Amino acid sequence: MGRGKLRIYLGAAPGVGKTYAMLSEAHRRVERGTDCVVAFVEHHDRPRTEVMLHGLEQVPRRRLEYRGGVFPEMDLDAVLARRPQVALVDELAHTNIPGSRNAKRWQDVEELLAAGVDVISTVNIQHLESLGDVVESITGVRQQETVPDEVVRRADQVELVDMSPEALRRRMAHGNIYKPDKVDAALSNYFRPGNLTALRELALLWVADRVDAYLTQYRSDHRVSRIWGSRERIVVGLTGGPEGRTLIRRAARLAEKGAGGEVLAVYIARSDGLTSASPKELAVQRTLVEDLGGTFHHVVGDDIPAALLAFARGVNATQIVLGSSRRRTWQYVFGPGVGATVARESGSDLDVHIVTHDEVAKGRGLPVARGARLGRSRRVWGWLAGVAGPPVLAALLSAVDLGLANDMLLFLALTVAAALLGGLWPALASAAVGSLLLNYFYSPPLHRWTIADPKNIVAIVIFVAVGVAVASVVDLAARRTHQAARLRAESEILSFLAGNVLRGETGLEDLLERVRETFGMESAALLERASDVEPWTCAGRVGQGRPVERPDQADVDMPVGDHMALALTGRVLPAEDRRVLAAFAAQAADVLDRRRLQEEADRARTLAEGNRIRTALLAAVSHDLRTPLAGIKAAVTSLRSEDVEWSEEDRAELLEGIEEGADRLDHLVGNLLDMSRLQTGTVTPLIREIDLDEVVPMALGGVPEGSVDLDVPETLPMVGVDPGLLERAMANLVENAVKYSPPGTPVLVAASALADRVEVRVVDRGPGVPDEAKDRIFEPFQRYGDAPRGAGVGLGLAVARGFAEAMGGTLAAEDTPGGGLTMVLSLRAAGPCPEHLPVAEHAAEHAAEPERQAS
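**Q** Explanation requested: the pattern of salt bridges in the structure shown.
**A** Should the charged atoms of two oppositely charged side chains come close, the side chains can pair. Evaluation of the coordinates by the stated rule reveals 24 salt bridges. Linking Asp 77 and Arg 101 is a salt bridge whose minimum nitrogen-to-oxygen distance equals 2.2 Å. Taken as a pair, Asp 77 in helix α3 (residues 76-82) and Arg 101 in the loop between β6 (86-89) and α4 (105-114) lie far apart in primary sequence, 24 residues in all. What emerges from the salt-bridge pattern is a single network uniting Arg 7, Glu 25, Arg 28, Arg 29 and Glu 159.

This is how it looks when you write it as structure tokens:
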């Protein structure tokens, strides 16, 4: 069975009669004997719509529970089992209740179509996905339920259900759409005349574009080449000259005179890239035609009249607007011009308008001379050889008689040399001067400007022809060499861009600098704006040129999409350079998008890390903090009990348990507070110079006596640290090491100087940590191996590293030779306070319980 057909009734707003029209069509089909069922139709308590349901078979709906309510939905399985010829499915953009087979109703419709069932549905213009922003700007309401445009475009039939805003508002006032208590609010908000008119225009334009696509497809399928003037399409031929703005405005006025007029501006560029068009002027004209509601097209073609006519017929244009020729009178000897040729070849189906302007007959710039593709020094030597060389050669040959044939070969060799050096024009000069000298000095009768022997005339003509031919070949070779070098440079640049795209290496500023250097510009900037009415902002800029706030202020601007442009200042680029510039512009936009995506990813990663820490904190609070609280509460309850007579020894033991639990709580809460400060970036160390032997011994107060061997020489240089933070970090490191050291084996705390830093090593002989876990032990809420829950919440080492980095130091883990783990705290030797470290009063210098951390 083939795929079913989809018919959609499209409306501008609720209440225009889409559902009513759909039900009317269903009754017509039933009367013709078609098996038609109502899969889902919502009548919204509208009496006339509800009456239309009578006489039509309805598939029972499926009821789903959601958030305490029961909601009816289309039973897709029941409709598929029923398998009618035609199914009516209202509200194509509807979002199904969670628990349904598909998230969207249009997905249900796709399954029905795939099963061979024809579907008739309805949708409002504001529910098309591509129009969401436009509808929100008109109505102030963001549509949450949308349907992809492609789903509607693929429909076999789209029928517009239209109603004037006044008629729709009357229906609303009469209570035919909403209940009376909602009428006033609807009329004063969504159903305002301006809103309805704008939505109606959107619907009409969308359907008109679809009809136009149907017409284009039909003409293509049936190979119709003649113009069908179903609507006015006006093609404006642009040359890149200043008269283009006049032509665009004139075409816009012509389009306004006809219903649905459309302006298409087209610039025909030669395939070899040689053009006198100003890229900046073309960019201005592109902006102008887009501001007037038209479109800009760039077409490549060597035969400009033929390319222009082919484009016009391809878009089914009805009129062509061209400017009067800028050529001077003498230039018409080369041909009738583009305007006359287009008018002659347009036939009866295309009207050609020739518009006068201020640049008529003022001449137009010629392409760059081909000789300019040779170096300056080569052209100078070429002109010397072509103009001064023949007289010098004639003077040398006057002393010896070699015969006319040899003399002509020598002059021809000089002409070839001039062509090799300077190109076409020096060779022509050499041929002209050489032919005159051959005629005057060597062709009988001598010393006269006449030639007696006709054979000599032939010889001189051949001489000139060979000179011109050789010069042309040399010029063509120089041109091809120039093009090859240019293409090689372009390929290298594009290869560079492609590599950066794949590797994602180049930053925006680096890329803009590469653009500036490649094209020799003063500055390069990437401009963007959120919408057509928003001001331009600079996303990135390099160079020392004048600041550019809008693309039209730049010497060269390359649009990237609708709201982004690459702007360069310094000089106007030729058209052939814009191909590579377009690639740079696209890459710059991609780099900017990639940078913003990376920033979003970093923010998401930060949020995820925060969520992970909060989750771990809740787990810690739920167990590690409750355990000492439970012990304290049990001990206090026992001491207050009057049923038991406690001995002094028992009382002391219970009080000791209370004290230990309180100390443990104090340590845990201290580490949690410190970790919170580190996470929020509020740790502000007060850096000052101090000796290590003044701070490190104070950090050993929380460990058993004799469990640490201290080796801090008095000769060490002073360190620039916050004493409170250093003491706290050292206390965590030492207590962590003592916890995992074997009984009877003291921990070694040793300090030494290394270049401009001082290292403090905390060495234990415990089980050690694998290499792959050495970084993870510094992450918050991590415990090493099978450490019991009572060992802490896993913040000691994380706090220690955070404090070390806040003071400009580092903390890393190394293996202890012979077994164990060594914590290496590296600090700056005394000197100027680092600029990046904030200086402020430091408070809350208290001890904390450290934990060995690992995943």
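**Q** Honestly, the pairing of strand β16 (residues 556-559) in this entry has me stumped. Any pointers?
**A** Working note: regular strand, side chains alternate between the two faces of the sheet. Two strands pair when backbone bridges link them, and β16 and strand β17 (residues 564-569) are joined in this way by four bridges, in the antiparallel orientation. Residue Val 556 lies in a different strand from β17, and its bridge partner there is Leu 568. In sequence, β16 turns back onto β17 through a hairpin of four residues, with Gly 561 there showing a positive phi of about 75°.

**Q** Teacher, can you tell me more about the sheet that holds strand β19 (residues 708-711) here?
**A** Backbone-to-backbone hydrogen bonds pair the strands of a sheet. The strands run either parallel or antiparallel. Read across the open sheet, the five strands follow the order β19-β21-β22-β24-β23; overall the sheet is mixed. With partners counted over all chains shown, the strands left at the sheet margins are β19 and β23 (810-815), one partner each. Neighbour-to-neighbour, the strand axes of this sheet turn through a mean angle of 20°, independent of strand direction. One ladder, built from seven bridges, connects strand β22 (residues 757-763) with strand β24 (residues 821-828); its direction is antiparallel. Bridging across to β24, Arg 761 finds its partner in Val 824. Relative to β22, helix α23 (residues 723-740) is tilted by about 30°, and along the sheet it contacts β19, β21 (747-754), β22, β23 and β24. Relative to the sheet, helix α24 (residues 796-806) contacts β23 and β24, its axis offset from that of β23 by approximately 130°.

**Q** How do you make sense of helix α1 (residues 18-31) when you look at a structure like this?
**A** Within an α-helix, residues lying three or four positions from one another point in the same direction, as the helix has 3.6 residues per turn. Over its 14 residues, α1 extends 20 Å from the first C-alpha to the last, a length consistent with the 20 Å expected when each residue adds 1.5 Å. Taken together, the buried positions of α1 are Lys 18, Thr 19, Ala 21, Met 22, Leu 23, Ser 24, Glu 25, Ala 26 and Arg 29. Buried-residue contacts for α1 involve β1 (6-11), β2 (36-40), α2 (47-52), β6, β7 (118-124) and β8 (157-161). Looking one or two residues beyond α1, the residue adopting positive phi is Gly 33, at roughly 95°.

**Q** Any chance you could explain the packing of helix α12 (residues 304-314) against helix α13 (residues 338-345) here in plain terms?
**A** To characterise two packed helices, one gives the angle between the axes of the helices and the distance between these axes. Between α12 and α13, the shortest axis-to-axis distance is 9 Å and the interhelical angle comes to 45°. Taken together, the axis directions place α12 and α13 in an arrangement best described as oblique. For the element pair α12 and α13, the recorded crossing hand is right-handed. Facing Ile 304, Pro 305, Leu 308, Leu 309 and Arg 313 of α12, the residues of α13 in contact are Val 338, Thr 341, Val 342 and Glu 345.

**Q** I'm lost on the environment of Lys 633 in this one. Help?
**A** Relative to the assigned elements, Lys 633 resides in helix α20 (residues 626-640). What makes Lys 633 exposed here is its relative accessible area of 61%. Taking C-alpha positions, Lys 633 is 9.8 Å from Gly 661, a pair spaced 28 residues apart along the chain.

**Q** Would you take a moment to explain α12 for this structure?
**A** By the burial criterion, the buried members of α12 are Pro 305, Ala 307, Leu 308, Leu 309, Phe 311 and Ala 312. Each element contacted by the buried residues of α12 is listed here: β9 (233-238), β10 (262-269), β11 (295-300), β12 (319-323) and α13. Trailing α12 by a residue or two, Asn 316 shows a phi angle of about 60°, which is positive.

The rules behind these values
Counting restarts for each chain: residues are numbered from 1 in the order of the written sequence. Local features in a predicted model are, by the rule used here, given only for residues with pLDDT of at least 70; side-chain atom pairs are given and counted only at 80 or more, and totals for whole chains, interfaces and linings are based on all residues. Neither water nor hydrogens contribute to the side-chain values; these are computed over all heavy atoms in the structure. Salt bridges are defined as contacts in which a side-chain nitrogen from Lys or Arg sits within 4 Å of a carboxyl oxygen from Asp or Glu. Per the convention used, a helix needs a DSSP run of H or I reaching at least four residues, while a strand needs a run of E reaching at least two, with both numbered from the N terminus. Two strands are said to pair when DSSP picks up at least two bridges between them. Interaxial angle, 0 to 180 degrees, is taken between N-to-C directions of lines fitted to C-alpha atoms, where a helix line uses only the stretch in contact. Throughout, a residue-residue contact means that at least one pair of heavy atoms, one from each residue, lies within 4.5 Å. One less than the number of residues in a helix, times 1.5 Å, gives the span that helix is expected to have. The cut-offs for exposure are 20% and 50% of the maximum accessible area for each residue type, with area from a 1.4 Å probe on protein chains only; residues under the lower value are buried, those over the upper are exposed, and the others partly exposed. Convention used here: angles under 35 degrees read as roughly parallel, angles over 145 as roughly antiparallel, angles from 65 to 115 as roughly perpendicular, and any remaining angle as oblique. When the near helix sits turned anticlockwise from the far one by under a right angle, the crossing is termed left-handed; a clockwise turn instead gives a right-handed crossing.

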